[in-house]
Amino acid sequence: MARTSGTGWFFDTAAVLRATTAAERKVLSRMGAFVRQRARSSLRKRKAVSPPGSPPSSHEGSLRKYLFFSYEPRTRSVVVGPAKLNKPGSVPHLLEHGGTAVRRGAVLTYRPRPFMAPALAAERPKFAALWKGAVTR
């Protein structure tokens, strides 16, 4: 990242930016993968309803199946969570935060059963170590 010239050393800004951007993409993608895996493993496949405050049950498996992560280069961040499906309402949002929804004329109340926030909190201590040695020549 530093080159020699006839007069001495100078800093190659373009090389540093390329290495940093590639390392950033790799590390953030790994962070996203860890959070996604933790969230998926917290969703138990069972018929029973989970108690409020604990991760939701995955009755048919679609919540686990449609959890994704993606590196967003414009904002230089990673997005982790369930994909938006072409179904009415936002059940993953209601499961995470609680709230009400109207289905077939009935008002349904969802109590929070967070799974994404606890997954992030559980994986966060590992994040700093992922940066160690990430930017190399």
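Residues numbered from 1 in each chain as written. Predicted model: local features only at pLDDT ≥ 70, side-chain atom pairs only at ≥ 80, totals over all residues. Heavy atoms only, no water.

Run through the nonpolar core, naming residues and quoting values.
Nonpolar side chains tend to gather and get buried jointly when the protein is soluble and globular. In this structure, Met31, Ala39, Leu67, Phe115 and Met116 are the most contacted members of the largest nonpolar core, which totals 18 residues. The dominant element in this core, judged by the number of residues it contributes, is helix H1 (residues 13-42), at five residues. Residues within four places of Ala39 in sequence aside, it is in contact with Leu67, Phe115, Met116 and Ala119. (Core = buried A, V, L, I, M, F, W, Y, C linked by side-chain atoms within 4.5 Å. Buried < 20%, exposed > 50% of the residue type's maximum accessible area, 1.4 Å probe, protein only. Helix = DSSP H or I, 4+ residues; strand = E, 2+ residues; numbered from the N terminus. Contact = heavy atoms within 4.5 Å.)

So what about the pairing of strand S3 (residues 67-72)? Which residues, and what values?
In terms of strand pairing, S3 meets strand S4 (residues 77-82) through six bridges, oriented antiparallel. Directly across from Phe68, in S4, lies its bridge partner Gly81. Once S3 ends, the chain turns through four residues before running back antiparallel as S4, passing Arg76 with a positive phi of about 55 degrees. (Pairing = 2+ DSSP bridges.)

Could you give an account of the pairing of strand S5 (residues 99-103), naming the residues involved and the relevant values?
Relative to strand S6 (residues 106-110), S5 is paired through five bridges, and the arrangement is antiparallel. Following the sheet pairing, Arg103 is matched in S6 by Ala106. Where S5 hands over to S6, the hairpin turn is made up of two residues, of which Arg104 adopts a positive phi near 50 degrees.

For the packing of aromatic side chains, give the residues involved together with the corresponding values.
Applying the stated criterion to the full structure yields one aromatic pair. When the ring centre of Phe34 is taken as origin, the NZ or CZ atom of Lys126, which lies over that ring, is 5.6 Å away. (Phe/Tyr/Trp six-rings, centres within 6.5 Å; stacked < 30°, edge-to-face > 60°. Lys NZ or Arg CZ within 6 Å of the ring centre and 35° of its normal.)

Describe the pattern of salt bridges, and please don't skip the residues or the numbers.
Summed over all chains, the structure comprises three salt bridges. The shortest N-O distance in the salt bridge between Arg76 and Glu24 comes to 2.9 Å. Taken together, the positions of Arg76 in the loop between S3 and S4 and Glu24 in helix H1 put the pair 52 residues apart, joining distant regions of the chain. Take Glu24: its relative accessible area is 12%, and that puts it in the buried class. For the salt bridge of Arg38 with Glu123, the shortest nitrogen-to-oxygen distance reads 2.8 Å. On the criterion of sequence distance, the pair formed by Arg38 in helix H1 and Glu123 in helix H4 (residues 116-123) is long-range, its members being 85 residues apart. When its relative accessible area of 34% is taken as the criterion, Arg38 is described as partly exposed. Judged by its relative accessible area of 3%, Glu123 is buried. Look at the salt bridges and you will find they share partners, linking Arg38, Glu123 and Lys126 into a network. (Salt bridge = Lys/Arg side-chain N within 4 Å of Asp/Glu carboxyl O.)

Which residues make up the side chain of Arg113, and what are the values?
Note that Arg113 resides in the loop between S6 and H4. For the buried residue Arg113, which engages in no salt bridge, the nearest side chain bearing the opposite charge is Glu96, 11 Å off. A polar contact of 2.8 Å, which involves the side chain of Arg113, links it to the backbone oxygen of Ser50. The contacts of Arg113, once residues within four sequence positions are left out, are Val49, Ser50, Pro51, Pro52, Gly53, Ser54, Pro55, Pro56, Leu95 and Glu96. (Lys, Arg positive; Asp, Glu negative; His and termini not counted. Polar contact = N/O pair within 3.5 Å; in protein donor to acceptor, adjacent residues only side chain to side chain.)

Report on the confidence of the model for the protein, specifying residues and quantitative values.
Averaged over all residues, the pLDDT of the protein equals 84, while 80% of them reach at least 70. For the protein, the element scoring lowest by mean pLDDT is strand S1 (residues 2-5), at 49; H4 scores highest, at 96. (pLDDT = per-residue confidence, 0-100.)

I'd like a description of the side chain of Ser57, backed by residues and values.
Along the chain, the position of Ser57 falls in the loop between H1 and helix H2 (62-65). One polar contact links the side chain of Ser57 to the main-chain carbonyl oxygen of Ala48, over a distance of 2.7 Å. At 3.4 Å, the side chain of Ser57 and the backbone nitrogen of Ser50 are in polar contact. With sequence-adjacent residues up to four places away left out, Ser57 is seen in contact with Arg44, Arg46, Ala48, Val49 and Ser50.

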